Amino acid sequence: MLKEFKAFILKGNVIDLSTGVIIGAAFTGIVTSFTKGIVEPILALFGGGPSPKLTIPLRETAIQIAKLGADGKPMLEDGQPVMETVKKLIELDLGGIIGAVISFLITAAVVFFVIIKPMNKLISLTKKKEEQAPPVAPAPDIVLLTEIRDLLKK
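All figures in this text were calculated on a predicted structure; none of them were measured in a lab.

Caption draft 1: Main features of helix α4 (residues 94-132). For α4, with 39 residues, the first-to-last C-alpha span of 54 Å sits near the 57 Å given by 1.5 Å per residue. Along α4, the sharpest kink reaches roughly 40°, centred on F112. Considered for burial, the residues of α4 that qualify are G95, G99, S103, T107, V111, I115, I116, M119, I123 and T126.

Written out as structure tokens, the structure is:
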């Protein structure tokens, strides 16, 4: 039973699954902190502001939105919401994309060097031990059946 468990744990798909879970969850806080604390300020230098805003403006458009009162609810006039026109800039956010890519690459590198490399080394050591082990002698009943087969051939 212990050998079966060891074989199960050392299978590649178990390692791949655990790696995927770790990439998706465990390092999120660390990578987010690194991105917010180090990467975003560097991007802000190129973006020209306190927050990284590497964007490509596409166009400015006017949109109608409901005017909000002090309570945060839409203001009403004759039962209808009071509308106001607001200018909105439509832009592509390259800074967000660059930050996400850097976060992913950092996470993938940490997982590769902390989990994948050591597991590959462990698997290769296990395979070497299996290759170095002497072949197991066949069971006595197999030896007997082999002798009977050889005698019948003659």
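Caption draft 2: Representation of a nonpolar patch on the surface within the structure. Taken together, I56, L58, I90, L92, L94, I97, I98, V101, F104 and L105 make up a surface patch of nonpolar side chains, about 870 Å² in accessible area. Of all elements in the fold, only β1 (55-66), β4 (83-93) and α4 reach the threshold of two or more residues within the nonpolar patch. Per-element tally for the nonpolar patch: the top contributor is α4, with six residues. Tracing the chain through its elements places L94 in helix α4. Accessibility expressed as a relative area gives 34% for L94, which makes it partly exposed.

Criteria and thresholds
Residues numbered from 1 in each chain as written. Predicted model: local features only at pLDDT ≥ 70, side-chain atom pairs only at ≥ 80, totals over all residues. Heavy atoms only, no water. Helix = DSSP H or I, 4+ residues; strand = E, 2+ residues; numbered from the N terminus. Expected span 1.5 Å × (residues − 1). Bend = angle between axes of the 7 residues up to and from the residue. Buried < 20%, exposed > 50% of the residue type's maximum accessible area, 1.4 Å probe, protein only. Patch = residues over 30% accessible without salt bridge, like charges linked within 9 Å, V, L, I, M, F, W, Y side chains within 5 Å. Areas by Shrake-Rupley, 256 points an atom, 1.4 Å probe, with all protein chains shown as cover. Salt bridge = Lys/Arg side-chain N within 4 Å of Asp/Glu carboxyl O.

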